[in-house]
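# Structural overview
These are the residues of each chain, in order.
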Amino acid sequence: MASQLDRRTFRLCWLVTYFSQTFVSMFFLYPVAIQQQGFPFILTGWLMSIFSVTSTLVRPFSGIITERIGVRKSLLIASIFLFASSLPLLWVQSFSGLMILRACMGFFYGIVMVAITTYQALSIPADRRGRLYAWIAIAYVLPLVTILPIAEFFLSRMGTSFYLILAPLLVLALIFSTKYLPRLAELEHSDEDDSPFPHNRNQAQQWGSWKEMFSVPGFWPLMATLLTWSLVNSSTLQYMPSLIHSRGMIASAFMMTNAVVSLFLRFLATGIMDRIDRTLIGSLSIALMGAVVVGAKVAFSNQAFCFLGAIYGIGMGMGFPVMLALMPDIFPRHLQPKGVAAGTLLMEGGFIITPFIMSYGGFLWGLENVLALMGAFGCANGLFLAFKGWKRSRR
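So, here's what we can say about the structure. (Residues numbered from 1 in each chain as written. Predicted model: local features only at pLDDT ≥ 70, side-chain atom pairs only at ≥ 80, totals over all residues. Heavy atoms only, no water.)

## A few points about the overall build of the chain
When its secondary structure is counted, the chain shows 18 helices and zero strands. Its C-alpha atoms give the chain a radius of gyration of 21 Å, near enough to 21 Å, the size a compact globule of 395 residues would have. The dimensions of the chain, computed from C-alpha atoms along their principal axes, are 65 × 55 × 35 Å. Counting over 395 residues, the chain shows a buried share of 54%. Within the chain, contacts between residues separated by at least 24 positions form 85% of all contacts whose residues are at least 6 apart in sequence. (Helix = DSSP H or I, 4+ residues; strand = E, 2+ residues; numbered from the N terminus. Rg over C-alpha atoms; globule rule 2.2 N^0.38 Å. Buried < 20%, exposed > 50% of the residue type's maximum accessible area, 1.4 Å probe, protein only. Contact = heavy atoms within 4.5 Å.)

## Regarding the packing of aromatic side chains
We describe a pair of aromatic rings using the distance from one ring centre to the other and the angle between the two ring planes. All told, the structure shown has 16 aromatic pairs when counted by the stated rule. Seen from their ring centres, phenylalanine 214 and phenylalanine 219 are 5.4 Å apart, and the 70 degrees between their planes marks the pair as edge-to-face. An aromatic cluster is present here, built from Phe23, Phe27, Phe51 and Tyr109 joined pairwise through their rings. Just above the ring of phenylalanine 27 sits the side chain of arginine 102; from NZ or CZ to the centre is 4.8 Å. Seen from the ring of phenylalanine 300, arginine 247 lies directly overhead, with NZ or CZ sitting 4.4 Å from the centre. (Phe/Tyr/Trp six-rings, centres within 6.5 Å; stacked < 30°, edge-to-face > 60°. Lys NZ or Arg CZ within 6 Å of the ring centre and 35° of its normal.)

## Considerations on the packing of helix H4 (residues 59–69) against helix H6 (residues 95–123)
Following both chains from N to C, one finds H4 and H6 inclined at 60 degrees, their axes separated by 9 Å at the closest point. Taken together, the axis directions place H4 and H6 in an arrangement best described as oblique. The hand of the H4/H6 crossing is right-handed. Contacts between H4 and H6 pair Arg59, Ser62, Gly63, Ile65 and Thr66 from the former with Tyr109, Gly110, Ile111, Met113, Val114 and Ala115 from the latter. Taken together, the residues of the contact of H4 with H6 break down into six nonpolar, four polar and one charged. (Axes fitted to C-alpha atoms, helices over the stretch in contact; angles between N-to-C directions. Parallel < 35°, antiparallel > 145°, perpendicular 65-115°, else oblique. Left-handed = near helix turned anticlockwise from the far one by under 90°. Nonpolar A, V, L, I, M, F, W, Y, C, P; charged D, E, K, R; others polar.)

## Section: helix H5 (residues 71–86)
Here H5 spans 22 Å end to end across 16 residues, near enough to the 22 Å set by a 1.5 Å rise per residue. Those residues of H5 not exposed but buried are Val71, Ser74, Leu75, Ala78, Ser79, Leu82, Ser85 and Ser86. The arc that holds every buried residue of H5, seen down its axis, measures 130 degrees, which confines them to one face. The inward-facing, buried residues of H5 contact helix H1 (7–26), H4, H6 and helix H10 (166–179). (Expected span 1.5 Å × (residues − 1). Arc of directions from axis to C-beta.)

## Description of the environment of leucine 345
Among the secondary structure elements, leucine 345 is positioned in helix H16 (residues 336–365). In this structure the C-alpha to C-alpha distance between leucine 345 and arginine 59, which are 286 residues apart in sequence, comes to 5.5 Å. Those residues within four positions of leucine 345 in sequence are excluded, and the remaining contacts are Thr56, Arg59 and Pro60.

## Some details on the nonpolar core
If you look at the biggest cluster of nonpolar residues, it comprises 109 residues, and the most contacted ones within it are Phe23, Phe27, Tyr30, Tyr163, Leu222 and Phe305. Among the elements that line this core, the one with the most residues is H6, at 14 residues. With residues near it in sequence (within four places) discarded, leucine 222 still touches Leu326, Met327, Ile330, Phe331 and Trp390. (Core = buried A, V, L, I, M, F, W, Y, C linked by side-chain atoms within 4.5 Å.)

As structure tokens, this is what we get:
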């Protein structure tokens, strides 16, 4: 075991993840708030996408930042700047001002996510990685059933200002949780050979290079797995509701069933994640999700989409914690900041790439056909990774 992770530290780690996700989840309603402030609907896309763009593009640099100034310190400083950029939303009324704020929020949020994911990778022991990452995965979906209803109540019943004040308040909770996280060096064994933390406090931390990262066994299958996951999942979450609405049905028949089954399986997975081949299960989860997206082409009832949502939730419920755990599984400890940065870049990159694929492809060939093609790609690539791509790395 490479680290001494007690329950208090893990709970704080879980809370940091949870509060970072509540911050993102409350902004799912931001397009409504923007319109209530008098902006036209067409501008909502710019204000939403700029956050994702800066959050994603900063990921590779975030790995370097966490190495240079420390993982915990990076997390704390980025959280403070995230607070500083979210608070002015209460009084800034110009579109250009809001664009700058949203860009800054995305930038600092990207650093927060790389820092907390790196902290998890370096602190969670390998022999408990599966079940603890299953608990971490719950923190990603729980805000949808906790903070989102509160945000919607504030927005609809109490006004835009009450809704927007949630953002800095949630970041304050994030800062408070981060402040009490122990330094990673305090969790290390002093005799670990693979530790990036020096035995002598006067020595510099020994992190690996980008070149070394590319030569790690399993690097390329991991990157292919994370990218395929991202493309299939982002296409589904962003455009499946549009497909369902275009057929005159209820999008929540798919989305809510998916969320409920996914959350249930993440609780269940806490007991089995350390006993499974995560490369196999992760790849098969992608294949299953892709097959569901293909199946949506012939679904023409709410019951059918409810069934497809439940099957998709099985893939999401098992697949997402596996994706998180695969990064520390593959990368040695001295490469984990860079490895996590590269991995999370691909996991988030789909949310930038797929809108262009879906919008332009849907215009030319129809949304249901482009979604089906994306699903077929995910299914085929998932099966290839499961039975061929990861085969050499499993030896």
